[in-house]
Amino acid sequence: MKTQVCIIGGGPSGLLLSQLLHRKGIDSIVLERKTKDYVLGRIRAGILEKGMLHLMREAGVGERMDREGFVHEGTVISYGDEQFTVNFKDTIGETVMVYGQTEVTRDLYAAREAAGGQIVFNVDQVVIHGADSDAPFVTYDVDGDPQRIDCDYVAGCDGFHGVSRQTIPLDVRKEYEKVYPFGWLGILSETPPVHEELIYASSERGFALCSMRNDNLSRYYIQCSLSDSPDDWTDEAFWEELKRRIPSDAADRLVTGPSIEKSIAPLRSFVTEPMRWGRLFLCGDAAHIVPPTGAKGLNTAASDIHYLYHGLTQFYHEGDSAGLDGYSEKALARIWKAERFSWWMTSLLHRFPDQSEFDLKMQRAEIEFLRTNKAAQQAMAENYVGLPY
Ligand code: RFL
Ligand code: PHB
């Protein structure tokens with residue numbers, strides 16, 4: 001088989017790139033290791049920045065998002081029983097949208113299918129060949145049958161555990177990593193959200209987050225030990241612990257119910273440099289990971305796709321490779337700022353095992369500074385709604 005861009009990974013990065021390129025007449029094939037149902041069963045990000053909303057609309061898949069998504073003008077930060085709102089709309093005139101990654105992916109699959117886009121599921125043994133040559137190709141097996149795709153470019157959108165990053169030789173690739181000493185235990189429940197805005201809660205017992213997907217679907221997280229397993233936590237134990245970590249007025253209002261999903265995510269900051277090697281471009285989780293505290297995972301994937309999509313369009317429509325040549329530098333400049341913000345929010349709101357009394361006082365002083373200082377709120381708002389592309 002032959003295509004212009006071979007896209008490895010059918011998560012949000014790969015699907016969005018494929019759909020955007022299709023609208024510009026650029027051909028691609030997406031290779032996905034799992035089934036569509038498996039990809040749609042993963043419960044992940046919930047908050048979309050302006051840049052991601054714009055890309056979804058440009059890809060022609062913004063209609064349901066604009067109809068069913070919830071615009072949020074701010075977020076609540078709490079510490080113990082104290083709480084305040086950082087209002088993005090009032091401070092910088094911007095908002096974010098609550099629309100789950102599952103729905104984003106569902107809309108993108110539907111659009112690719114409607115356009116007759118090629119997505120190959122259940123691929124195995126994916127290998128990228130000749131990425132540093134003028135004639136790259138990708139080999140893989142599907143149902144035991146070996147296959148080959150010749151292409152101009154390869155987009156590595158295969159997440160943190162994919163093969164694309166590993167294809168870049170170790171003497172070219174440099175990785176930066178911070179692993180946090182805790183995870184997030186998350187549940188999804190068919191209950192009304194406890195509050196109309198998200199609540200990011202710092203408490204003596206650890207961090208908690210009250211989020212949502214719609215009027216009757218809530219997403220809650222609590223900081224947990226890395227040695228915990230979801231089976232250690234009954235629904236009752238989860239709700240009890242959540243109530244202890246959020247302000248008492250919210251705890252009193254909280255509607256509990258059976259969980260329909262329960263999982264633990266470890267927290268990590270990770271960046272690989274460069275994000276391009278020859279004709280291979282890394283995008284999204286294949287190149288970088290943020291802890292979820294700043295809601296930046298999916299949104300940083302979107303900014304990579306923005307730069308790569310424009311670079312490829314410029315190349316195919318104008319014969320100019322400047323956008324592709326500048327891809328890694330441009331993408332990384334924005335990534336590092338999102339890494340900083342996610343690390344800052346994580347450090348501000350979690351309990352760390354080795355924290356001294358002084359460290360706790362510093363955390364508290366920083367939260368109180370944020371509560372009372374307009375410039376600090378503006379800095380948080382600008383980062384939370386998403387820095388410009
Ligand atoms: P994805 O979503 O991981 O998609 C990569 C796709 O590539 C496939 N794949 C392969 N395909 C072919 N060949 C191979 N060799 C392959 N290896 C892997 C995989 O099956 C998969 O379908 O990466 P993408 O598209 O870059 O999207 C990034 C986002 O998914 C990610 O940044 C966020 O979901 C991060 N994240 C969260 N972000 C938030 O903002 N809020 C959250 O609450 C949140 N929760 C999460 C998360 C990430 C998690 N992971 C990765 C463990 C919860 C979890 C559990
Ligand atoms: C979510 O709704 O899953 C969510 C929202 C905000 C975050 C992380 C996760 O910072």
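Residues numbered from 1 in each chain as written. Chains lettered and ligands numbered in written order. Predicted model: local features only at pLDDT ≥ 70, side-chain atom pairs only at ≥ 80, totals over all residues. Heavy atoms only, no water.

Draft legend 1. Spatial organisation of empty space enclosed by the protein. By the definition in use, this model includes 2 cavities of 30 Å³ or more. Estimates place the volume of the largest cavity at around 60 Å³. Lining the largest cavity are Glu49, Lys296, Arg334, Lys337, Ala338, Phe341, Asn383, Gly386 and Leu387. Looking at which element gives the most residues to the lining of the largest cavity, the answer is helix α12 (residues 327-349), with 4 residues. The residue inventory of the lining of the largest cavity, partitioned by class, reads 3 nonpolar, 2 polar and 4 charged. Quantified by volume, the second largest cavity comes out at close to 40 Å³. What lines the second largest cavity is simply Pro12, Val39, Arg42, Gln101, Thr102 and Thr105. (1 Å grid on protein atoms, 1.4 Å probe; cavity = no way out; pocket = protein on both sides within 12 Å on 5 of 7 lines; lining within 4 Å. Points joined across faces, edges and corners; volume = space filled by probe spheres on them. Helix = DSSP H or I, 4+ residues; strand = E, 2+ residues; numbered from the N terminus. Nonpolar A, V, L, I, M, F, W, Y, C, P; charged D, E, K, R; others polar.)

Draft legend 2. Main features of the site of ligand 1. Residues in close proximity to ligand 1 total 28 residues, the closest being Ser13, Glu32, Arg42, Gln101 and Asp285. Here an oxygen atom of ligand 1 sits 3.1 Å away from a polar atom, N or O, in the side chain of tyrosine 221. One of the backbone nitrogen or oxygen atoms of glycine 297 is found 3.2 Å away from an oxygen atom of ligand 1. With the chains in place, 84% of the 1,000 Å² that ligand 1 exposes on its own is no longer accessible. Every element with two or more residues in the shell around ligand 1 is listed here: α1 (12-23), β9 (123-129) and α10 (297-318). A breakdown of the residues in the shell around ligand 1 according to their chemical character gives 12 nonpolar, 8 polar and 8 charged. (Near = heavy atom within 4 Å. Polar contact = N/O pair within 3.5 Å; in protein donor to acceptor, adjacent residues only side chain to side chain. Areas by Shrake-Rupley, 256 points an atom, 1.4 Å probe, with all protein chains shown as cover.)

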